[in-house]
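# What the coordinates show
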Amino acid sequence: MQVQGTAEQQRHVIDEATKVGAARRQAQRLAQDHGLDQTLAGRVAIIATELANNLLRHGGGGELLLQPIAAGDTNVIELLAIDQGRGMSNVDSCLRDGFSTGGTPGTGLGAVRRLAAEFDLHSIPDKGTVVMARVGAQVAQRFGAVSVTIPGETECGDRWRLATDGRHTAAIMIDGLGHGPLAAEAALCSVKVFLQAPFDAPQSVIERAHRSMVGTRGAAAACVRTDRDGRVCYAGVGNISAAMVTLHRSHGLASHNGTLGVRLPRVQQFEYQRPPNSIIVMHSDGLSARWNLAQKEGLLHRHPATIAAVLYRDHRRGRDDATVLVFD
């Protein structure tokens, strides 16, 4: 079984040149702390520098998000560069050798693509750019997640986990009531319950999560399990949004009102048949639910991490922790 999920990403706001060096050092330290060798940690540092300079010089500033990801017995470092700048009218030319984004050590996005085990780019003129690079190894499960705190807090009250075993994929998302350490404490109770038996019926996971949170601030939570035959089981309580999305349709997954650990209505599990070539999107109410991927040019064909980053960029509310998870 493979489990994914970090407490939150490191978030670097790149709005002046001095922030580039700080982001590079943090990225290299994160790589070393998670067991990447000197060569791979050096690649992470080069990519962080290139992406941060891109944000500053071509995106009008932006965010660089860093997080570790499990890949078998090793770890991968993911870098997401997100901006709302002028975008690229010709992506292919920006990826050609010899095209420099500013004379940085990597000499351009083409070098970022070569140094990364996984790479993706989505750019729309006048709307902005997202670049995803993962250094280390390819990750078997196609997924992406963004989870950041509300400005001013040091601990995220949202949590997510994703588990796969070859037959099933299961995910949980929790939004602790409010934000800060007490919200995080409540959310972690649900994480522990999920990890004990992630492929149990989602209804059972939610009911156990409720009992584990009695005496805490409480939380909203949703759990989904998908099977190889396309069956989707889902149960949710509170303001977690979830949907199965294709190019032509978004089918919302139903949650009930309530707060785990405080007031639990009768939990009902819903079952769906997953459409071919669909993705599943889950997010906390730190993002508005008024999104439509069909209106975002070419986005559904991108990597789930890129999709998550665009949804975060375009639909975050800015007044709460924000978390979005996307997986195939």
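All values derive from a computational prediction rather than experimental measurement.

### Things to note about the pattern of salt bridges
For the coordinates displayed, the defined rule picks out 14 salt bridges. Measuring nitrogen to oxygen at the nearest pair gives 2.7 Å for the salt bridge that ties Arg11 to Glu63. Linking Arg11 in strand 2 (residues 10–14) with Glu63 in strand 3 (residues 62–71), this pair joins segments that are 52 residues apart in sequence. You can call Arg11 partly exposed: its relative accessible area is 37%. Sharing partners across several salt bridges, the network here consists of Arg225, Asp227, Arg231 and Glu271.

### Observations concerning the sheet that holds strand 3
Strand order in the open sheet formed by 5 strands is 2-3-4-6-5, with antiparallel pairing between adjacent strands. If you trace the sheet from one side to the other, it starts and ends with strand 2 and strand 5 (118–124), each paired once. Across the sheet, the mean angle separating the axes of adjacent strands is 15° when strand polarity is ignored. Taken together, the 10 bridges between strand 3 and strand 4 (residues 74–83) define a ladder with antiparallel strand orientation. Bridge pairing in strand 4 links Ile69 to Val76. Strands strand 2, strand 3 and strand 4 of the sheet are contacted by helix 1 (residues 18–33), whose axis makes an angle of about 160° with strand 2.

### Overview of the pairing of strand 15 (residues 279–283)
Taking burial as the measure, the 5 residues of strand 15 include 5 buried ones, the bulk of the element. The pairing of strand 12 (residues 241–245) with strand 15 spans 5 bridges and is classified as antiparallel. Each bridged residue has a counterpart across the sheet, and for Ala242 the counterpart in strand 15 is Met282. Sheet topology note: the strand 15/strand 16 (residues 322–327) ladder contains 4 bridges and is antiparallel. Looking at the pairing, Met282 lines up with Leu325 of strand 16.

### Some details on the nonpolar core
Grouped together as the largest cluster of nonpolar side chains are 28 residues, with contacts concentrated most on Val44, Ile47, Leu51, Leu64 and Leu79. Elements with a minimum of two residues in this core: helix 1, helix 2 (38–58), strand 3, strand 4, helix 4 (109–115) and strand 6 (128–135). Element by element, the count of residues in this core is highest for helix 2, at 8 residues. When neighbours within four sequence positions are excluded, Leu64 is seen to be in contact with Gln10, Arg11, His12, Ile14, Ala23, Ala48, Leu51, Leu55, Leu79, Leu80 and Ala81. Ile82, Trp291, Ala305 and Ala322 belong to the second largest nonpolar core, which has 26 residues in total.

### Examining the packing of helix 1 against helix 2
It is the contact of helix 1 with helix 2, at a shortest axis distance of 8 Å, that shows an interaxial angle of 150°. One way to sum up the angle between helix 1 and helix 2 is to call them roughly antiparallel. When you trace helix 1 past helix 2, the crossing you get is right-handed. Touching Val20, Ala23, Arg24, Ala27, Gln28, Ala31 and Gln32 of helix 1 are Ala41, Gly42, Val44, Ala45, Ala48, Thr49, Ala52, Asn53 and Leu56, all from helix 2. Residues of the contact of helix 1 with helix 2, tallied by class, amount to 10 nonpolar, 5 polar and 1 charged.

So, how was this worked out
Residues numbered from 1 in each chain as written. Predicted model: local features only at pLDDT ≥ 70, side-chain atom pairs only at ≥ 80, totals over all residues. Heavy atoms only, no water. Salt bridge = Lys/Arg side-chain N within 4 Å of Asp/Glu carboxyl O. Helix = DSSP H or I, 4+ residues; strand = E, 2+ residues; numbered from the N terminus. Buried < 20%, exposed > 50% of the residue type's maximum accessible area, 1.4 Å probe, protein only. Pairing = 2+ DSSP bridges. Axes fitted to C-alpha atoms, helices over the stretch in contact; angles between N-to-C directions. Contact = heavy atoms within 4.5 Å. Core = buried A, V, L, I, M, F, W, Y, C linked by side-chain atoms within 4.5 Å. Parallel < 35°, antiparallel > 145°, perpendicular 65-115°, else oblique. Left-handed = near helix turned anticlockwise from the far one by under 90°. Nonpolar A, V, L, I, M, F, W, Y, C, P; charged D, E, K, R; others polar.

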